[in-house]
Amino acid sequence: MPTVAKGDGMRGLAVFISDIRNCKSKEAEQKRINKELANIRSKFKGDKTLDGYNKKKYVCKLLFIFLLGHDIDFGHMEAVNLLSSNKYTEKQIGYLFISVLVNTDSALIRLIIQAIKNDLEARHPVHICLALQCIANIGSKEMAEALTKEIPKLIVSGETIDAVKQSACLCLLRLFRTSPETVPPGEWTQRVGHLLNDQHLGVVTSATSLIHTLAQKTPEDFKPCVQLAISRLSRIVTSSYTDLQDYTYYFVPAPWLSVKLLRLLQVYPPPEDPALRGRLNECLETILNKAQEPPKSKKVQHSNAKNAVLFEAINLIIHHDTEPSLLVRACNQLGQFLQHRETNLRYLALESMCLLASSEFSHEAVKKHMDTVITALKTERDVSVRQRAVDLLYGMCDKSNAEEIVAEMLSYLETADYSIREEMVLKVAILAEKYPVDYTWYVDTILNLIRIAGDYVSDEVWYRVIQIVINRDDVQGYAAKVVFEALQAPACHENMVKVGGYILGEFGNLIAGDQRSSPMVQFQLLHSKYHLCSAPTRGLLLSTYIKFINLFPEIKGQLQDVLRNNNNLQNADAELQQRAIEYLQLSTVASQDVLATVLEEMPPFPERESSILAKLKKKKPNVSDIEVVKEGKKSSNPPTLNNSAANTPEATPASAPVPVMAAAPAPAPVQSASDDLLGLSAGPAAAAPVTNNFAAPAAPAGGGGLLVDVFDTPPAQNNVSTALAPQAEENFFKFAIKNNGVLFENELLQIGVKAEYKGNLGRLGLFYGNKTSYPFQFFTPTVSCPGELASAMNVQTKPLDVNTVEGGAQVQQIINVECIADFVDAPILSIKFSYSGSMQQINLMLPVMLNKFFEPVEMDATSFFNRWKQLSSPGQEEQKIFKASFPINSDTSRTKLLGFGFGLLDGVDPNPDNFVGAGIIKAQSSQVGCLLRLEPNMQAQMYRLTLRTSSKSVTTRLADLLLKLF
Amino acid sequence: MIGGLFIYNHKGEVLISRVYRDDIGRNAVDAFRVNVIHARQQVRSPVTNIARTSFFHIKRSNIWLACVTKQNVNAGLVFEFLNKMVEVMQSYFGKISEDNIKNNFVLIYELLDEILDFGYPQNADTSILKTFITQTGIKAQVTKEEQSQITSQVTGQISWRREGIKYRRNELFLDVLENVNLLMSPQGQVLSAHVAGRIVMKSYLSGMPECKFGINDKLVLDKSGRSDDPSKVSATGKSSIAIDDCTFHQCVRLSKFETEHSISFIPPDGEYELMRYRTTKDISLPFRVIPLVREVGRTKMEVKVVIKSNFKPSLLAQKIEVRIPTPLNTSGVQVICMKGKAKYKASENAIVWKLKRMGGMKESQISAEIELLPSDKKKWSRPPISMNFEVPFAPSGLKVRYLKVFEPKLNYSDHDVIKWVRYIGRSGLYETRC
């Protein structure tokens with residue numbers, strides 16, 4: 001209860017309370033309260049008048065009853081009446097009742113606001129304070145609207161006393177938090193800043209809170225405060241204790257104010273004025289120095305206050321991220337805390353270190369503590385601290401220590417708490433992918449991961465390992481061998497079976513030579529797990545079996561037996577049943593060639609965002625912040641798996657590496673099947689939503705949850721220049737055989753392309769994705785056709801509707817292209833935008849090449865040779881003999897040629913290894929027929945390419961393009 | 001089975017704590033106090049589960065009795081046991097109160113040892129317990145003979161009666177006690193009604209008498225009526241009642257009841273409950289309540305309640321109390337009644353009207369004016385008007401037809417036994433909506 005002045009004690013209230021306390025049971029208490037309520041109701045009946053004392057007494061009783069947990073639905077009017085009393089105690093009780101009991105939507109709120117207004121204008125400071133406290137307690141929107149004009153006046157007026165100023169600041173802060181829009185910025189905002197210079201430290205403390213919140217909204221308005229804050233801080237930090245009298249807390253001068261000032265400074269970048277900066281650094285150094293001094297008191301409050309200031313100072317240092325010496329000192333200081341007795345300190349130290357690890361200056365310093373952190377991980381009793389230790393290990397990991405950290409995390413995983421296992425699994429998977437020592441190590445690590453913590457390995461993790469194995473030719477054999485060995489364990493996790501099934505299905509042939517892993521052994525090993533698995537895994541294994549039929553015709557019989565098994569043919573699961581029936585039919589009906597085409601090795605996956613990272617971010621939103629900060633700061637990235645895999649062509653829209661193609665029973669070539677899918681969904685209107693299926697270009701469109709993979713971003717030039725962006729050339733040629741993909745990506749911007757061509761017309765959809773959280777302004781992409789291209793091509797660009805791309809958003813632009821004559825160069829796309837004040841320009845080649853206007857032609861051998869002979873004049877033929885830049889593989893070559901646009905003619909050339917193709921380039925002015933012959937030489941790893949067309953320029957250009965592909 | 005038994009006072013202090021099994025730790029005592037007795041909201045469920053431990057509690061005045069177990073016990077059994085335990089304690093030292101429990105705690109521990117063994121309920125018959133657990137302690141001069149008798153009695157076939165009882169006057173008291181429960185709509189429509197009855201006997205009979213007891217149960221009469229005495233059934237019209245379900249004291253031979261529908265037993269000595277039953281059909285409701293509530297504006301309400309007695313004019317109902325709930329924003333009440341006394345009890349939010357007695361086929365009325373404080377809260381929910389009374393007949397219509405006593409060994413016959421029969425009908429939850 002509120003303290004009641006002596007001589008003003010309310011006897012009735014005291015008696016009532018003691019009655020309640022003496023009640024022996026809940027029922028007795030309820031009875032006493034009912035009686036009292038009936039009494040108060042009879043007193044508050046309309047026709048009686050009560051004096052102030054009685055009113056106060058009964059309102060007090062009601063308040064007490066309410067605080068005991070009973071419902072009160074009357075007496076509000078009497079409480080409001082108390083507000084207009086002149087006696088302090090009566091007013092106080094009235095305000096108390098109102099701030100506890102009155103709803104913000106009560107009908108009385110008008111009356112209350114009027115009473116508060118009167119009190120704010122009162123002469124007595126005590127009354128003003130009561131009113132301010134009430135506003136701060138209720139802080140409704142309506143109050144904010146009605147009173148925001150009065151309160152700033154109180155703050156800046158010279159007449160108000162300190163206590164009132166203090167209350168007014170906090171009150172305004174509360175109103176601002178409730179409804180920021182109703183607090184008008186005015187001329188008072190500047191004068192609030194000057195409160196930092198106030199004599200009274202209490203006023204300064206409350207003003208700092210207010211300024212901090214306001215500055216977060218409009219940093220510009222409060223920029224002058226930085227200087228004031230720094231000088232105030234330096235006065236506090238460097239002062240001797242006697243200065244601050246009441247504000248020294250256990251020998252620490254004004255800890256709360258220091259913390260608040262340090263927080264305020266974190267809103268702004270480091271001050272530019274060197275003198276100011278020096279002063280601030282001096283302060284921070286003093287704080288760091290003080291941490292080294294022996295404690296002045298053994299009391300826990302002393303160390304708490306000291307450490308609070310210290311941690312806030314470290315946060316500021318990290319925020320500024322400009323002073324290497326300070327960063328390193330902070331890091332060393334935190335290192336001491338890592339072994340502190342106090343659990344909270346260890347936790348905070350680890351948390352701050354996570355931030356430090358992302359700074360390039362202190363990254364090395366943080367790494368020194370790796371051993372301590374690993375011990376903490378192993379020996380710490382508190383799970384939340386262990387969690388932080390994991391975060392820090394993840395944060396400090398780089399190429400030099402990845403192997404060790406991953407090994408430590410793997411070994412810890414076996415004993416880790418269940419609550420953090422899934423997250424740890426994701427982190428290990430990401431680290432292994434991000435800093436691979438070599439790919440065999442990567443494969444080992446992930447398989448180990450599945451073995452140790454199979455239950456916590458989400459689908460994304462094993463999808464990823466398959467994607468990487470498929471995209472990397474050199475690990476395929478090793479991976480097959482390792483999974484084969486892993487599968488031999490008597491009990492292995494279902495995820496392991498999935499990975500094993502998939503990889504053996506694709507690359508089982510690579511280890512089939514060994515007697516110990518002959519096809520039959522592989523099959524029996526997989527099939528021994530079959531019955532223990534869930535339906536999706538069985539489906540995957542069925543796909544593996546059909547792939548085996550292709551790979552190992554010698555065990556076709558056994559495989560068909562399995563497919564024919566009633567368990568599968570009549571399975572209750574429709575998916576399994578369909579697979580079994582279709583695969584069985586496929587294996588019996590189709591010829592070996594057809595089988596080979598349908599069941600050929602999965603083409604490499606298109607490069608896309610690391611789904612694991614997205615998953616981790618979704619799981620822990622705060623991690624992504626650190627991640628983004630970290631990636632933003634790192635100026636150089638080590639080459640990663642993603643990058644190296646990025647050169648491989650895209651062929652399938654499968655979103656998961658389940659062999660989708662094999663499920664299509666029609667014996668159609670892989671490429672055309674995926675073209676069909678593209679064709680179905682390539683309507684321009686449907687373009688934006690459909691792109692979600694097409695991985696990379698859609699990453700920004702896929703919603704905020706799927707943040708863009710920030711790992712594989714090589715440095716891009718941000719300065720304004722007319723040169724082509726470094727990625728442009730390389731990515732450009734990728735588009736020779738595909739129509740969709742990522743054209744360009746750096747840490748700011750990602751550009752995806754989705755194109756379709758018909759005859760001499762083409763339509764490109766460009767998707768500009770903003771990867772940062774700040775908007776791009778004046779975003780203007782323009783397309784130009786340099787030189788003679790202007791006459792050979794007609795380009796129409798639809799201007800963007802908006803010229804600002806919001807953070808994380810994506811805009812789409814449609815470009816229509818018409819080919820008039822044959823051409824060599826590509827149109828130039830130049831993008832200009834302003835990002836956080838600086839102009840950026842990126843120049844790219846638009847992926848429009850001559851072969852895009854190809855139409856495949858089918859003809860028989862005789863007509864081919866007829867035409868071949870017709871085109872025998874010197875300018876019409878181009879022959880090149882060159883060394884293969886990719887491993888020679890008949891299937892991929894076929895895919896590439898088909899993607900390029902040729903119609904392949906089988907059976908024309910007597911040598912089955914050779915390729916013969918034909919197509920017509922459709923330009924508006926002319927149509928150019930092209931014939932091709934490609935002869936690979938396996939032994940020498942060479943190709944001989946012969947092209948004959950009716951136009952010399954076309955021949956040269958096509959030969960150039962093809963050269964880049966093989 | 002029951003793992004332990006605790007008794008608490010109203011503050012949650014432990015008065016008695018007896019643990020029977022190892023799986024119940026000391027902390028169970030605190031768990032119940034914190035989660036049930038001191039819970040923020042009132043715990044209304046008699047069974048509470050805290051950390052895989054089940055607590056079954058009942059409350060008598062301000063005393064909490066709680067049984068604890070970690071196993072899946074029959075809750076009915078536990079509550080039956082708790083009620084039995086209360087009965088036993090009451091027969092030893094009267095009212096259950098904190099003081100009484102503190103003064104008798106040695107006795108209570110002794111009782112607990114006897115009636116619960118390793119958590120399994122044992123013989124809890126008061127008359128038998130009193131033979132070897134006395135408030136003054138077992139007398140030293142218990143002979144060997146008597147000791148062996150105790151053993152043979154407790155372990156024998158008829159554990160509820162010892163041999164060799166002799167009375168000069170063979171007497172038998174039989175009480176039919178009924179509670180009638182009712183919920184009636186304002187228009188006088190019966191929404192639900194049932195009678196819960198008990199037949200309590202006090203027997204002072206010599207030797208090992210065999211008793212046979214008959215009531216006007218429809219099943220019994222229908223079966224035997226046709227062959228024996230068809231005229232009797234038709235003469236009295238509604239002379240038999242339909243019993244929905246019943247339970248018997250352990251002395252009743254259930255096999256005989258099942259085959260012949262006759263209740264035969266060797267009675268325990270002293271007081272015991274022979275049978276419990278429940279009926280839902282053809283209940284004669286002793287009182288009818290006719291409420292009339294009128295809300296006059298926002299600040300005034302008028303209530304008029306008429307009660308009509310609905311039984312033979314020769315009978316007299318007693319201890320009549322009508323409880324009329326008042327709205328929560330009542331600020332004043334004026335009551336006018338012709339008979340009895342009526343008063344507004346603010347602590348209970350009700351007008352309580354008391355009548356000492358009232359004859360059959362009469363009516364009486366009360367009217368009240370209630371002043372209200374204007375309130376913007378939702379409308380008053382109008383709880384039902386409830387009533388308490390006691391009438392000297394069985395509202396279910398149950399009649400005792402005969403109670404025969406046979407004692408072949410001793411020389412007294414059925415005619416020599418003096419038998420007393422009494423009917424008492426009380427109100428259970430007797431409510432009328434208004």
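Residues numbered from 1 in each chain as written. Chains lettered and ligands numbered in written order. Predicted model: local features only at pLDDT ≥ 70, side-chain atom pairs only at ≥ 80, totals over all residues. Heavy atoms only, no water.

## Let's talk about the overall build of chain B
We count it as follows: The helix count covers DSSP runs of H or I at least four residues long, the strand count covers runs of E at least two residues long, and both are numbered beginning at the N terminus. Residue contacts are counted whenever heavy atoms from the two residues lie within 4.5 Å of one another. Per-residue accessibility takes into account occlusion by the displayed protein chains alone, with areas from the Shrake-Rupley method and a 1.4 Å probe.
Along its length, chain B carries nine helices and 23 strands. Taking all contacts inside chain B whose residues are at least 6 apart in sequence as the whole, residues at least 24 apart take part in 71%. Surface exposure of chain B reaches about 23,200 Å², of which carbon and sulfur atoms provide 50%.

## A look at a positive patch on the surface
Which entries qualify depends on this criterion: Patch rule: a residue counts if its relative accessible area is over 30% and it has no salt bridge; like charges are joined within 9 Å, and nonpolar side chains (Val, Leu, Ile, Met, Phe, Trp, Tyr) within 5 Å. Think of a salt bridge as a Lys or Arg side-chain nitrogen and an Asp or Glu carboxyl oxygen that are within 4 Å of each other. We treat Lys and Arg as the positive residues and Asp and Glu as the negative residues; His and chain ends play no part in the count. For this purpose, a charge sits on NZ of Lys, CZ of Arg, CG of Asp or CD of Glu.
Taken together, the side chains of Lys35 of chain A together with Lys341, Lys343, Lys354, Lys356 and Arg357 of chain B define a basic patch exposed on the protein surface. Contributing elements (two or more residues each) for the positive patch: strand 18 (341–345) and strand 19 (350–359) of chain B. Within the element layout of this structure, Arg357 of chain B appears in strand 19.

## Focus: the side chain of Ser25 of chain A
Stated formally: Buried means the residue's accessible area, taken with a 1.4 Å probe over protein chains only, is under 20% of the maximum for its type, while exposed means over 50%, and partly exposed covers the values in between.
With respect to the helices and strands, the residue Ser25 of chain A is situated in the loop between helix 1 (11–22) and helix 2 (26–43). On the accessibility criterion, Ser25 of chain A (14% relative accessible area) is buried. Contacts of Ser25 of chain A, omitting those with residues within four sequence positions, involve His10 and Asn62 of chain B.

## A look at the pattern of salt bridges
Residues and elements named next belong to chain A. Tallying each qualifying case throughout the model produces 45 salt bridges over all chains. For Asp391, the salt bridge is made with Lys427, and the minimal N-O distance between the two is 2.2 Å. On the criterion of sequence distance, the pair formed by Asp391 in helix 21 (residues 383–396) and Lys427 in helix 23 (residues 418–434) is long-range, its members being 36 residues apart. A residue is classified by how much of its surface remains accessible, and Asp391, at 8% relative accessible area, is buried.

## With respect to the sheet that holds strand 10 (residues 210–215) of chain B
For sheets, the rule is that strands pair by backbone hydrogen bonds, running either parallel or antiparallel. Residues and elements named next belong to chain B. Condition: We call two strands paired when DSSP finds no fewer than two bridges between them. Axes here refer to lines fitted to C-alpha atoms; in helices the fit is confined to the stretch in contact. Angles between the N-to-C directions go from 0 to 180 degrees.
Pairing is antiparallel in the open sheet, where three strands are placed in the order 12-10-22. In this open sheet, the two edge strands, each paired with only one partner strand, are strand 12 (263–265) and strand 22 (400–406). Neighbour-to-neighbour, the strand axes of this sheet turn through a mean angle of 15°, independent of strand direction. In this structure, strand 10 lies alongside strand 22, joined through six bridges in antiparallel fashion. What sits directly across from Gly214, in strand 22, is Tyr402.

## Considering the packing of aromatic side chains
Going by this rule: For Phe, Tyr and Trp, rings pair up if their centres lie within 6.5 Å, where Trp contributes its six-membered ring, and each pair is then called stacked (planes under 30 degrees apart), edge-to-face (over 60) or tilted (otherwise). Here, a charge over a ring means that NZ of Lys or CZ of Arg falls within 6 Å of the ring centre while also lying within 35 degrees of the ring normal.
If you walk through the whole model with that rule in mind, you get 33 aromatic pairs over all chains. Between Phe548 of chain A and Phe552 of chain A, the aromatic rings sit 5.3 Å apart at their centres with planes inclined by 45°, giving tilted as the arrangement. Here Phe548 of chain A falls in the buried class, since its relative accessible area comes to 0%. Here Phe552 of chain A falls in the buried class, since its relative accessible area comes to 3%. Taken together, the aromatic side chains of Phe6, Tyr8, Phe32, Phe55 and Trp64 of chain B make up a single cluster linked through ring pairs. Here the basic side chain of Arg538 of chain A rests over the ring of Tyr530 of chain A, its NZ or CZ set 5.3 Å away from the ring centre. Against the face of Tyr20 of chain B rests Arg18 of chain B, its NZ or CZ located 4.6 Å from the ring centre.

## Some remarks on the interface of chain B and chain A
What counts here: Buried area: the sum, over both parts, of the accessible surface (1.4 Å probe) that disappears when the two are put together. Under this definition, polar contacts are N or O atom pairs within 3.5 Å; protein pairs additionally need one hydrogen-donor-capable and one acceptor-capable atom, and for neighbouring residues in sequence, both atoms have to be side-chain atoms.
Listed per partner, the contact involves 21 residues of chain B and 16 residues of chain A. Summing the contributions of chain B and of chain A, the shared interface buries around 1,500 Å²; its carbon and sulfur component is 46%. Applying the counting criterion to the chain B and chain A interface returns three salt bridges. For the salt bridge of Glu371 of chain B with Lys45 of chain A, the shortest nitrogen-to-oxygen distance reads 3.5 Å. Where chain B touches chain A, the interface holds six residue pairs in polar contact (both at pLDDT 80 or more). Per-element tally for the side of chain B that touches chain A: the top contributor is strand 17 (residues 330–337) of chain B, with three residues.

## Here's the deal with the nonpolar core
All names here are of chain A. Test applied: Residues belong to a common nonpolar core when they are buried Ala, Val, Leu, Ile, Met, Phe, Trp, Tyr or Cys residues joined through side-chain atoms within 4.5 Å.
One finds Ile116, Leu132, Ile135, Ile151, Leu449 and Tyr545 to be the most contacted residues of the largest nonpolar core, which totals 188 residues. Not counting chain neighbours up to four residues away, the residues in contact with Leu132 comprise Leu120, Ile151, Leu154, Val164, Ser167, Ala168 and Cys171. One finds Ala755, Leu789, Ile831 and Leu962 within the second-largest nonpolar core, a separate group that totals 67 residues.

Keep in mind these values describe shape, not function.
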